[in-house]
There are 2 protein chains.
Amino acid sequence: MTPPLHLSLAGQAVDVLREQVLTGEIPPGSRVNEVEVAQKLGISRGPLREAIRHLASEGLLRLVPHRGAFVPAADADEVKALFELRTALECAAAELAASRRTDVDLVRLQEVCAESRANYRAGQPFPYRLDLAFHQTLIDAARSPRIAEQVRLVQQRVVLLRSALEDDPPHQHASMDDHDELVLAIADGDAAGASTVMRRHLSRVCAQMLTSLNH
Amino acid sequence: MTPPLHLSLAGQAVDVLREQVLTGEIPPGSRVNEVEVAQKLGISRGPLREAIRHLASEGLLRLVPHRGAFVPAADADEVKALFELRTALECAAAELAASRRTDVDLVRLQEVCAESRANYRAGQPFPYRLDLAFHQTLIDAARSPRIAEQVRLVQQRVVLLRSALEDDPPHQHASMDDHDELVLAIADGDAAGASTVMRRHLSRVCAQMLTSLNH
DNA sequence: AAACTGCCAACTGTCGACAGTTGACAACGC
DNA sequence: GCGTTGTCAACTGTCGACAGTTGGCAGTTT
């Protein structure tokens, strides 16, 4: 019994639109015209409206009555508020991961860290893909479905605000150090330590986003 | 026709449906028939579908492709997972409240506690209304809009699962003690203490829900 | 020129109808 | 009797069209 891999038009529209919003193909601040996008996707306005509402509930769009849906623009206060939420969730995830992790989880985390190091030594910048992979692996190790769900949504909103992020080698290096330290704490089953490191890590990332936002 | 149509039909449907789901008027496990409910509300299926999708994003309904929307039934694993999320959020809120609270916030918290005590001494059971009011006042004192938003959604889902909750005087007394202790920690600006008390409090509430679920 | 007013195009909100899928029931074969 | 298969009603997914609202623009007034 394979779950219907055939997604509804609304579901497909959600995926396409989410991609376009996150990649900046639909730039922050711009409006989403229902008839225009519906024609472009080859569907009617009904499913598209449901897709727009869904993305709005994920925080990727902002709904204004009778005016339409807008892509929220990066804003300092929004970044701070969002990182307070992210910190609450990921610190809890780090604690749970430290106490629930299996050896397989540990190997996966170490692999991601090793790949990041190798990539960095090869002279390439720390790809955001690997950063996401690390945090993803960590919340999987926490084995808390509802927390994982929320973390995914928050990280998505961070990606959206990340358009104004610039490459900063020192910051990237510090992030990799944080990740390594996190793995150590999780390996030791040190919940409090993992939480502390995660808080410091996210604090650093948040600060970096705020500074690059002011440029 | 409503002369001042301030809210869209979909928005009105969201409010009505949410009320019906939370009060159990639409019992857990039952299905929401689109045509039936649409006729009962006097609207067409379009706005109702948007309302259903919205409530699903809040976790008050569960969508099954080609089958419709169901009210999720209380389940032990779900309760545990939900309380892990709630604990992560409200502990963070308690910490923030301890460091950001104003004197007005403190007075409000004390007022809610005092009202609970008076109510209890009058021989009446600790109304859930006051419990909600306390947690609401606390997250307001935390001044973190994104966290507050998520806490509201989680508490709503707890209300939904709460149908199987029975009155338990000892538990109510312990809850009020926890609240008082929380206020003391927040008054002292003791973030770590507030977080610890909150964690113990929610752990107790979760355990109580789990036991009354098995009866 | 600035401000006000009425009009208009564009867009969202809403509706009724059609098409595709699902689960159940009945008829059939073993 | 039990399992299989064909049929069907009910419901969700989708569409095109209509109605109401919004913001802007032209024309008018002071």
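For clarity, every value in this text was computed on a predicted model and none was experimentally measured.

## Digging into the packing of helix 4 (residues 76–100) of chain A against helix 4 (residues 76–100) of chain B
So, step 1. Between helix 4 of chain A and helix 4 of chain B, the least distance of the axes is 9 Å, while the angle of their chain directions is 125°. Between helix 4 of chain A and helix 4 of chain B, the angle falls in the class oblique. For the pair helix 4 of chain A and helix 4 of chain B, the crossing hand works out as right-handed. In this structure, helix 4 of chain A uses E84(A), L85(A), A88(A), L89(A), A92(A), L96(A) and R100(A) to contact helix 4 of chain B, whose residues at the interface are E84(B), L85(B), A88(B), L89(B), A92(B), L96(B) and R100(B).
So, step 2. Among the residues forming the contact of helix 4 of chain A with helix 4 of chain B, the class breakdown is ten nonpolar, no polar and four charged.

## As for the protein's contact with DNA strand D
So, step 1. Every one of the 20 residues lining DNA strand D counts as a neighbour, but L9(A), S44(A), R31(B), R45(B) and R49(B) are closest to it.
So, step 2. Restricting the count to atoms of DNA strand D within 4 Å of the protein gives a sugar and phosphate share of 73%.
So, step 3. Within the backbone of S44(A), one N or O atom sits 2.8 Å away from a phosphate oxygen of DNA strand D.
So, step 4. N33(B) is positioned with one of its side-chain polar atoms (N or O) 2.9 Å from a phosphate oxygen of DNA strand D.
So, step 5. Among the secondary structure elements, those contributing two or more residues to the surface near DNA strand D are helix 1 (9–22) and helix 3 (45–57) of chain A together with strand 1 (31–32), helix 2 (34–41) and helix 3 (45–57) of chain B.
So, step 6. Broken down by element, the surface near DNA strand D gets its largest block of residues, three residues, from helix 3 of chain B.

## Here's the deal with the domain arrangement of chain A
Residues and elements named next belong to chain A.
So, step 1. We note that the domain assignment places domain 1 (9–70) and domain 2 (76–213) within chain A.
So, step 2. A straight line from the C-alpha centre of domain 1 to that of domain 2 covers 29 Å.
So, step 3. On the side of domain 2, six residues touch domain 1, which itself brings seven residues to the contact.
So, step 4. Contact between domain 1 and domain 2 buries roughly 580 Å² in total, counting both sides, with carbon and sulfur atoms accounting for 66%.
So, step 5. Among the residues domain 1 hides against domain 2, the three largest losses belong to L22, E58 and L60. Together they make up 63% of the total.
So, step 6. For the interface between domain 1 and domain 2, the tally reads zero salt bridges.
So, step 7. Residues that form the side of domain 1 that touches domain 2 fall into these classes: four nonpolar, one polar and two charged.

## Quick notes on the nonpolar core
So, step 1. Counting residues in hydrophobic clusters, the biggest one holds 80 residues, and the most contacted among them are L138(A) and L138(B).
So, step 2. If we skip the residues at most four places from it in the chain, L138(A) touches A93(A), A94(A), A97(A), L109(A), L182(A), I186(A) and M198(A).
So, step 3. L17(B), I26(B), A38(B) and L60(B) belong to the second largest nonpolar core, which has 19 residues in total.

## Description of the interface of chain B and chain A
So, step 1. Taken together, the contact between chain B and chain A spans 23 residues of the former and 23 residues of the latter.
So, step 2. Across the chain B/chain A interface, buried area totals approximately 1,900 Å², and carbon plus sulfur atoms make up 52% of it.
So, step 3. Taken together, chain B and chain A are joined by ten salt bridges.
So, step 4. When the shortest N-O distance is used, the salt bridge between R146(B) and E78(A) registers 2.8 Å.
So, step 5. Applying the counting rule to chain B against chain A returns ten residue pairs in polar contact (both at pLDDT 80 or more).
So, step 6. Where the side of chain B that touches chain A is concerned, the elements lending two or more residues are helix 3, helix 4 and helix 7 (145–161) of chain B.
So, step 7. The element best represented in the side of chain B that touches chain A is helix 4 of chain B, accounting for eleven residues.
So, step 8. Of the residues in the side of chain B that touches chain A, the class split is nine nonpolar, three polar and eleven charged.

## Focus on the protein's contact with DNA strand C
So, step 1. Around DNA strand C, the structure places 20 residues, and the nearest of them are N33(A), R45(A), R49(A), L9(B) and S44(B).
So, step 2. A distance of 2.9 Å separates a phosphate oxygen of DNA strand C from a polar side-chain atom of N33(A).
So, step 3. R45(A) is positioned with one of its side-chain polar atoms (N or O) 2.8 Å from a base nitrogen of DNA strand C.
So, step 4. Secondary-structure elements contributing two or more residues to the surface near DNA strand C are strand 1 (31–32), helix 2 (34–41) and helix 3 of chain A together with helix 1 (9–22) and helix 3 of chain B.
So, step 5. When residues in the surface near DNA strand C are grouped by element, the largest group, three residues, is from helix 3 of chain A.
So, step 6. Of the residues contributing to the surface near DNA strand C, the split by class is six nonpolar, six polar and eight charged.

## Here's the deal with the sheet that holds strand 1 of chain B
Within a sheet, adjacent strands bond to each other through the backbone by hydrogen bonds, running parallel or antiparallel.
Residue and element names in this part refer to chain B.
So, step 1. Across the sheet, which stays open at both edges, the three strands sit in the order 1-3-2 with antiparallel pairing between neighbours. Only two strands of the sheet have a single partner each, and these edge strands are strand 1 and strand 2 (62–64).
So, step 2. As paired elements, strand 2 and strand 3 (residues 68–70) share three bridges and run antiparallel to each other. Opposite V64, over in strand 3, you have G68 as the bridge partner.

## Here we look at the pattern of salt bridges
All names here are of chain A.
So, step 1. Considering all chains together, one arrives at 43 salt bridges over all chains under this definition.
So, step 2. Residues D105 and R143 are paired through a salt bridge, measuring 2.7 Å at the closest nitrogen-oxygen approach. A residue pair is termed long-range when its members are at least 10 positions apart, and D105 in helix 5 (residues 103–121) and R143 in the loop between helix 6 (128–142) and helix 7 (145–161) qualify at 38 residues.
So, step 3. Overall, the relative accessible area of 4% leaves D105 in the buried class.
So, step 4. When its relative accessible area of 44% is taken as the criterion, R143 is described as partly exposed.

## Topic: helix 1 of chain A
Residue and element names in this part refer to chain A.
So, step 1. A rise of 1.5 Å per residue sets the reference length of helix 1, with its 14 residues, at 20 Å; its end C-alpha atoms lie 20 Å apart and thus fit the reference within 8%.
So, step 2. A10, G11, A13, V14, L17, R18, Q20 and V21 are the residues of helix 1 that are buried.
So, step 3. On its buried face, helix 1 is in contact with helix 2, helix 3 and helix 7.

What counts and what doesn't
- Residues numbered from 1 in each chain as written.
- Chains lettered and ligands numbered in written order.
- Predicted model: local features only at pLDDT ≥ 70, side-chain atom pairs only at ≥ 80, totals over all residues.
- Heavy atoms only, no water.
- Axes fitted to C-alpha atoms, helices over the stretch in contact; angles between N-to-C directions.
- Helix = DSSP H or I, 4+ residues; strand = E, 2+ residues; numbered from the N terminus.
- Parallel < 35°, antiparallel > 145°, perpendicular 65-115°, else oblique.
- Left-handed = near helix turned anticlockwise from the far one by under 90°.
- Contact = heavy atoms within 4.5 Å.
- Nonpolar A, V, L, I, M, F, W, Y, C, P; charged D, E, K, R; others polar.
- Near = heavy atom within 4 Å.
- Polar contact = N/O pair within 3.5 Å; in protein donor to acceptor, adjacent residues only side chain to side chain.
- Domains from an automatic or database assignment.
- Buried area = accessible area lost by both parts, 1.4 Å probe.
- Salt bridge = Lys/Arg side-chain N within 4 Å of Asp/Glu carboxyl O.
- Core = buried A, V, L, I, M, F, W, Y, C linked by side-chain atoms within 4.5 Å.
- Buried < 20%, exposed > 50% of the residue type's maximum accessible area, 1.4 Å probe, protein only.
- Pairing = 2+ DSSP bridges.
- Expected span 1.5 Å × (residues − 1).

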